[in-house]
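# What the coordinates show
Residue-level listing of the chains:
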Amino acid sequence: MTNQKNHSFLTNVNAMTERAEKCLKLPPGLAEQLRSCRSVYQVSFPVELNRQYRVFNGWCAVHSEHRLPTKGGMRFSSIVQQEEIEALATIMTYKCALANVPFGGSKTGLCIRPRDYEEHELEIITRAFARELIKRGYISPSVNVPAPDMGTSQREMGWIADTYRTLHPQDVNAIACVTGKPLSQSGVAGRTEATGRGVQYGLREFFRHPDDVKKTGLSGDLAGKRIIIQGLGKVGYHAAKFLQEEDGALIVAIVEKDGALLSDKGLPVDKVKEYIDRTGGVKGFAEASFVPEGMKVFESPCDILIPAAREEQITAENAARIQARLIAEAANGPVTAEADKILIKKGKVIIPDVYLNSGGVVVSYFEWIKNISHISFGRMEKRLDEMRGLQIVEAIESLIGRPVPAEIREKLTHGTEELDLVRSGLDDTMRVTYNMVREVRLSRQDVPDLRTAAYVIALQKIVRSYEELGI
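One numbering rule holds for all chains: residues counted from 1, following each sequence as written. Since the coordinates come from a predicted model, pLDDT governs what is reported: local features require at least 70, and pairs of side-chain atoms require 80 or more to be given and counted, while whole-chain, interface and lining totals use all residues. Hydrogens are left out, water is left out, and the side-chain values use all remaining heavy atoms of the structure.

This part is about the packing of aromatic side chains. Paired rings are identified among Phe, Tyr and Trp, the last through its six-membered ring, by centres lying within 6.5 Å, and are further divided according to the angle between planes into stacked (under 30 degrees), edge-to-face (over 60) and tilted (the rest). Enumeration over the complete set of coordinates arrives at 13 aromatic pairs. A centroid spacing of 6.2 Å and a plane angle of 80° characterise the contact between phenylalanine 206 and tyrosine 434, whose relative ring orientation is edge-to-face. Here phenylalanine 206, found in helix α6 (residues 194-206), pairs with tyrosine 434, found in helix α16 (residues 418-443); they are 228 residues apart in sequence, far enough to count as distant. As far as the burial class goes, phenylalanine 206 and tyrosine 434 line up, both buried. A ring pair is formed by tyrosine 365 and phenylalanine 366, whose centres lie 6.3 Å apart and whose planes are at 40°; its orientation type is tilted. Only protein chains enter the accessibility calculation, which uses a 1.4 Å probe; a residue whose area is less than 20% of its type maximum is buried, one above 50% is exposed, and one in between is partly exposed. Residue tyrosine 365 is classed as partly exposed on the basis of its relative accessible area of 21%. Site record: aromatic cluster; members linked through ring pairs are Phe45, Phe56, Phe76, Tyr117 and Phe129. We note arginine 197 situated over the ring of phenylalanine 242; from NZ or CZ to the ring centre the distance is 3.6 Å. Numbering of helices and strands runs from the N terminus; a helix is a DSSP stretch of H or I covering at least four residues, while a strand is a stretch of E covering at least two. Should the NZ of a Lys or the CZ of an Arg lie within 6 Å of a ring centre and within 35 degrees of the ring normal, that charge is described as sitting over the ring.

As structure tokens, then:
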């Protein structure tokens with residue numbers, strides 16, 4: 001996968017936006033507003049480490065405030081730059097609108113290579129960055145709510161939440177200033193896995209529609225489907241793990257920055273992840289074949305290709321060589337606008353990132369709701385569910401004259417917990433959203449693919465908000 005700075009990402013996002021705008025015939029001024037970020041804040045701040053001062057650069061881009069707060073991940077990466085942050089903020093706006101999550105879109109990034117620092121140093125840097133943003137109103141429960149992204153995790157979100165509470169001790173909703181926090185700091189069950197789980201639910205929904213599946217040349221469900229996945233980070237790992245363990249798919253290749261692993265029998269995802277975390281790459285993993293040129297494997301025949309790493313991995317240069325029957329965009333912007341045209345012309349079906357990558361923000365919304373309502377999901381109904389289930393079991397046993405098997409009894413008397421509700425809400429969101437996208441694609445001749453359909457729906461909702469607000 002590429003590690004180069006690419007300054008065309010925003011151009012690609014806007015090009016895809018323009019395709020949908022043509023379908024809606026928007027006035028030029030309004031179309032330009034939809035593509036422009038509302039504000040971009042750049043900050044440079046010093047941090048003393050080992051008796052030396054280091055200056056760090058970061059950005060916060062707010063694309064649209066048609067809904068508040070705005071929402072987006074916080075990215076720590078050595079190749080973060082402003083245009084990338086603007087592009088990701090733009091995608092977030094569309095992602096939230098499409099999934100009916102009442103947030104505007106934003107993105108925050110810090111130019112840093114996290115692995116170069118000890119944990120205590122990262123904490124100092126993260127808290128300093130957070131203070132710069134909080135003091136200027138770029139982080140708060142009601143204005144802008146970051147979440148984990150590349151290079152960050154629940155650990156960083158915990159540090160930021162604590163920093164915000166220190167600066168705003170009277171804010172009763174302070175804990176809602178970020179999402180993706182540890183459970184011990186009012187996080188929500190299922191958030192860490194949410195984006196990968198959303199990829200799984202989105203693919204499941206696609207395979208529930210035989211007519212859609214037929215266009216890929218495939219049939220049936222996910223069982224036995226041969227998958228190549230690029231990037232075994234937070235998103236790719238969970239998507240690969242769930243698709244293999246719960247749906248019977250075969251992860252036949254994993255592409256990482258130092259090469260790729262191959263196995264026709266399916267790779268042991270947990271073991272590969274543990275090896276990557278320990279060594280920093282896949283080279284040397286004993287239970288699979290290693291190919292140094294990972295992107296060559298990326299172009300190999302398979303049923304489903306899942307780019308789950310960075311943006312712009314399928315470009316005009318390699319699009320013609322992509323042999324996957326179905327491309328499922330688990331990362332943000334993994335296919336460029338020109339590559340998208342090439343793939344569509346070749347008859348490839350693409351499930352777009354603006355839909356498939358939305359699991360994280362959906363579950364972040366659940367966490368934000370939990371935080372501002374100050375009550376855990378399932379707390380009030382769990383015991384009631386257990387009692388009702390027990391009554392059903394007792395009624396069944398009285399009718400059949402023998403005990404209900406223990407496995408069935410356990411399922412019927414299980415009280416609804418937070419994780420059950422989170423997964424149910426995410427599954428329902430992915431189902432409803434895909435069917436909206438599918439309906440637009442099928443009902444409009446000027447909408448040729450799922451990506452354009454998704455953008456059309458998102459833009460319609462945003463335009464409606466602007467009109468109602470008189471903006």
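The discussion continues.
Looking now at the sheet that holds strand β2 (residues 52-62). Here, a strand pair is defined by DSSP locating no fewer than two bridges between the strands. Read from one edge to the other, the open sheet built from five strands follows the order β1-β2-β4-β3-β5, with strand pairing classed as mixed. One side of each edge strand has no neighbouring strand; the edge strands of this open sheet are β1 (39-49) and β5 (144-148). Each strand axis lies, on average, 25° off the axis of its neighbour in the sheet, ignoring direction. As judged from the six bridges shared by strand β3 (residues 70-77) and strand β4 (residues 104-111), these two strands associate in the parallel manner. Paired with methionine 74 across the bridge in β4 is threonine 108. Whether two residues touch is decided by their heavy atoms; if any such pair falls within 4.5 Å, the residues are in contact. Under this scheme, a helix contributes an axis fitted over its contacting stretch, all axes are lines through C-alpha atoms, and angles between N-to-C directions fall in the 0 to 180 degree range. Of the strands in this sheet, β1, β2, β3 and β4 are in contact with helix α4 (residues 119-135), which crosses β1 at around 140°.

Here aspartate 353 is to be found in helix α12 (residues 353-356). A polar contact of 2.7 Å, which involves the side chain of aspartate 353, links it to the backbone nitrogen of glycine 333. With residues near it in sequence (within four places) discarded, aspartate 353 still touches Ile91, Lys95, Glu329, Ala331, Asn332, Gly333, Pro334, Ser358 and Arg451. Polar contact is the term for a pair of N or O atoms within 3.5 Å; when the atoms are in protein, one must be able to donate a hydrogen and the other to accept it, and sequence-neighboring residues count only if both atoms are side-chain atoms.

Moving on, we get to the nonpolar core. If you look at the biggest cluster of nonpolar residues, it comprises 89 residues, and the most contacted ones within it are Leu203, Phe207, Leu232 and Ile306. No other element matches helix α17 (residues 450-469), which puts 11 residues into this core. For phenylalanine 207, the contacting residues outside a window of four places in its chain are Val213, Leu218, Gly220, Asp221, Leu222, Lys225, Ile304 and Leu326. Among buried residues, those of type Ala, Val, Leu, Ile, Met, Phe, Trp, Tyr and Cys that are joined through side-chain atoms within 4.5 Å constitute a nonpolar core. Core analysis: the next-biggest nonpolar cluster, separate from the first, contains 31 residues, Met74, Tyr117, Phe129 and Ile134 among them.

By the secondary structure assignment, lysine 71 is in strand β3. This count recognises Lys and Arg as positive and Asp and Glu as negative, with His and chain-terminal groups excluded. What counts as a salt bridge is simple: a side-chain nitrogen of Lys or Arg found within 4 Å of a carboxyl oxygen of Asp or Glu. One buried charged residue, lysine 71, remains without a salt bridge, the closest side chain of opposite sign being glutamate 367 at 7.6 Å. Looking at lysine 71, its side chain comes within polar contact range of the main-chain oxygen of valine 145, at 2.9 Å. From its side chain, lysine 71 meets the backbone oxygen of proline 146 in a polar contact 3.4 Å long. Here lysine 71 is in contact with Met92, Phe103, Gly104, Gly105, Ser106, Asn144, Val145, Pro146, Ala147, Thr179, Val361 and Ser364, once residues within four sequence places are set aside.

Let's shift gears to the pattern of salt bridges. Following the criterion strictly, the structure yields 47 salt bridges and no others. Close ionic contact of glutamate 84 with arginine 310 constitutes a salt bridge, the shortest N to O distance being 2.6 Å. Placement of the pair is glutamate 84 in helix α3 (residues 82-98) and arginine 310 in the loop between β10 (304-307) and β11 (326-328), with a sequence separation of 226 residues. Relative accessible area serves as the criterion here: at 1%, glutamate 84 is assigned to the buried category. For arginine 310, a relative accessible area of 10% puts it in the buried group. A salt bridge links lysine 135 to glutamate 132, with the nearest nitrogen and oxygen atoms 4.0 Å apart.

Between helix α8 (residues 234-247) and helix α9 (residues 269-279), the least distance of the axes is 10 Å, while the angle of their chain directions is 160°. In this view, α8 runs roughly antiparallel relative to α9, as classed from their interaxial angle. Note on packing geometry: the crossing formed by α8 with α9 is left-handed. Two secondary-structure elements touch here, α8 through Tyr237, Ala240, Lys241, Gln244 and Glu245 and α9 through Val269, Asp270 and Lys273. Here the nonpolar group is Ala, Val, Leu, Ile, Met, Phe, Trp, Tyr, Cys and Pro; Asp, Glu, Lys and Arg are the charged ones; every other residue, Gly included, is treated as polar. Of the residues assigned to the contact of α8 with α9, the class counts are three nonpolar, one polar and four charged. Here is the rule for angles: anything less than 35 degrees is roughly parallel, anything more than 145 is roughly antiparallel, 65 through 115 is roughly perpendicular, and the remaining ranges are oblique. It is the rotation of the near helix from the far one that decides the hand of a crossing: anticlockwise by less than a right angle makes it left-handed, clockwise makes it right-handed.

Looking now at the sheet that holds strand β7 (residues 250-256). In spatial order, the strands read β9-β8-β7-β6-β10-β11-β12; together these seven strands make up an open sheet with mixed pairing. In this open sheet, the two strands that pair with only one neighbour each are β9 (289-291) and β12 (349-351). Ignoring which end each strand starts from, the neighbouring axes of this sheet average 20° apart. Examined bridge by bridge, β11 and β12 share three bridges and lie parallel to one another. Looking at the pairing, leucine 326 lines up with valine 349 of β12.

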